Amino acid sequence: MSKTYQIAVLPGDGTGPEVTREAVKVLEAAAARYGFKLALTEYDFGGDRYLKTGEVLPDSAADELRKHDAILLGAIGHPDVKPGILEKGILLRLRFELDQYINLRPVKLFPGVETPLKDKGPEQIDYVVVRENSGGLYTGTGGISMKGTPHEVAVQSMVYSRHQVERCLRFAFDYTRKRNKRNTLALCGKTNVLTYVYDLWERAFHEIGQADYPEIRRDYYHVDATCMWMVKNPEWFDVIVTGNMFGDIITDLGAITQGGMGIAAGGNLNPEGVSMFEPIGGSAPKYTGQNVINPLAAVCAGQMLLDTLGETEGAAAIERAVVHVTGSKLKSMAAGRMGYSTQEVGDLLAQFVAGE
Ligand code: IPM
Ligand code: MN
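(A) Quick look at the packing of helix H1 (residues 16-34) against helix H9 (residues 296-309). Remark: H1 packs on H9, axes separated minimally by 8 Å, with the N-to-C direction vectors making an angle of 40 degrees. Taken together, H1 and H9 sit at an angle that is classed as oblique. Classified by chirality, the crossing of H9 by H1 is right-handed. Residues Val19, Glu22, Ala23, Val26, Leu27 and Ala30 of H1 touch H9, and the partners they reach there are Ala298, Val299, Gly302 and Leu306. Of the residues assigned to the contact of H1 with H9, the class counts are 8 nonpolar, 1 polar and 1 charged.

(B) Structural context of the sheet that holds strand E12 (residues 275-279). Taken in spatial order, the 10 strands line up as E2-E1-E3-E12-E11-E4-E5-E10-E8-E9 in an open sheet, and their pairing is mixed. Looking along the sheet, the strands with just one partner apiece sit at the ends: strand E2 (36-42) and strand E9 (217-222). Neighbouring strand axes in the sheet, compared pairwise and without regard to direction, differ in orientation by 25 degrees on average. Pairing between strand E4 (residues 102-108) and strand E5 (residues 126-132): 7 bridges, direction antiparallel. Bridge pairing links isoleucine 102 to glutamate 132 in E5. Its contacts with the sheet place helix H5 (residues 162-179) against E4, E5, strand E8 (184-189), E9, strand E10 (239-242) and strand E11 (265-269), and it is angled at close to 160 degrees to E5. The strands that helix H8 (residues 244-257) touches are E4, E5, E8 and E10; relative to E5, the one it contacts most, it runs at about 155 degrees.

(C) Molecular detail of the side chain of glutamine 164. Along the chain, glutamine 164 turns up in helix H5. According to the relative accessible area criterion, glutamine 164 is buried, its value standing at 15%. Among the polar contacts listed, one links the side chain of glutamine 164 to the side chain of serine 134, at a separation of 3.4 Å.

(D) View of the site of ligand 1. In the region of ligand 1, the neighbouring residues are Glu87, Leu91, Leu92, Arg95, Arg105, Arg131, Tyr138 and Asp248. A distance of 2.7 Å separates an oxygen atom of ligand 1 from a polar atom in the side chain of arginine 95. Here an oxygen atom of ligand 1 and a side-chain polar atom of aspartate 248 are 2.9 Å apart. Taken by itself ligand 1 offers 310 Å² of open surface, and the protein chains cover 74% of this. Its residues assigned to classes, the shell around ligand 1 shows 3 nonpolar, no polar and 5 charged. Here the shell around ligand 1 spans two domains, and each of domain 1 (1-101 + 268-356) and domain 2 (115-258) adds at least three residues to it.

(E) Just the pattern of salt bridges, in detail. Tallying each qualifying case throughout the model produces 26 salt bridges. Put simply, aspartate 119 and lysine 118 hold a salt bridge, and the shortest N to O gap is 3.7 Å. Taking the relative accessible area as the measure of exposure, lysine 118 reaches 68% and is therefore exposed. When salt bridges with common partners are traced through the structure, they connect Lys108, Asp126, Arg179, Lys181, Asp238 and Glu319 into a single cluster.

About the criteria used
Residues numbered from 1 in each chain as written. Chains lettered and ligands numbered in written order. Predicted model: local features only at pLDDT ≥ 70, side-chain atom pairs only at ≥ 80, totals over all residues. Heavy atoms only, no water. Axes fitted to C-alpha atoms, helices over the stretch in contact; angles between N-to-C directions. Helix = DSSP H or I, 4+ residues; strand = E, 2+ residues; numbered from the N terminus. Parallel < 35°, antiparallel > 145°, perpendicular 65-115°, else oblique. Left-handed = near helix turned anticlockwise from the far one by under 90°. Contact = heavy atoms within 4.5 Å. Nonpolar A, V, L, I, M, F, W, Y, C, P; charged D, E, K, R; others polar. Pairing = 2+ DSSP bridges. Buried < 20%, exposed > 50% of the residue type's maximum accessible area, 1.4 Å probe, protein only. Polar contact = N/O pair within 3.5 Å; in protein donor to acceptor, adjacent residues only side chain to side chain. Near = heavy atom within 4 Å. Areas by Shrake-Rupley, 256 points an atom, 1.4 Å probe, with all protein chains shown as cover. Domains from an automatic or database assignment. Salt bridge = Lys/Arg side-chain N within 4 Å of Asp/Glu carboxyl O.

Right, dumping it as structure tokens:
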């Protein structure tokens, strides 16, 4: 009997539903070819639902989602909803409640995709950022006192426990070992200024590395220097591990070097629970319903989803399809300039996965 995976699909806002539809199409093609099944349950969390009901996310959402094997998310962000409400109320809340403590973001330049980095190609741009996803500035306490007065004070603290740091580092070392490419893990920190938090990270990094991963080479870069080298010498990197805020920032830089938001995908992982995969770009509301948005990022999120479920053959087939489509079909990664519609790109990928 073939295996059936329970997948929660959250198409979300703006162009989210359009790109999610194509990602599902490609996932279904992989399922048919490699002998597994997907049982999809759609949830309408997002801006429209919030505007209609006044509720950002039902309290039962995390428990409901926990019943699934994985979650595929389209995009969150609605032009009529104040920035922050949906991001915090849906995306961040789910990350925290489901304890998806890793944000895995591959920075991989596919053939045929234009990069703003001069003289760099797919050989040079191929690394993975492991962003801590449960702590740091995102969950540190804070507040504002004397708001609106000249004496107003705002505090938002970067807080990390050894436990949070350690589980993230262990994931990153394991991932580097499994990837087995250059066997190099780089810690991205700021030990010259954030002398408490990144001191903890650095000590844990070397202790764990020395004790349990002696064959993995350990590099260290300050976050500002990391940005510089990601542009100048991306080939230095194999796997980068960092805290939540730095990870957020450097992965947007990474994304633009791999062709931008049309292609960059990420996974919010709970290695012991349920993980959520998403294109890392926003909901691009101005393109909604036009069938011009690039679905590749959502498709790559689907590829990561399969890989995490252990359907590695299906995942590899999707990756080959992406290479085929970027390398020999699409004119550009940008919305409206692909030379194909959103749906046509999905069809090309699904056909390739089905038949090669
Ligand atoms: C990301 C996004 C989110 C983040 C926002 C939308 C809350 O930028 O996934 O990188 O800051 O983590
Ligand atoms: Mn971000």
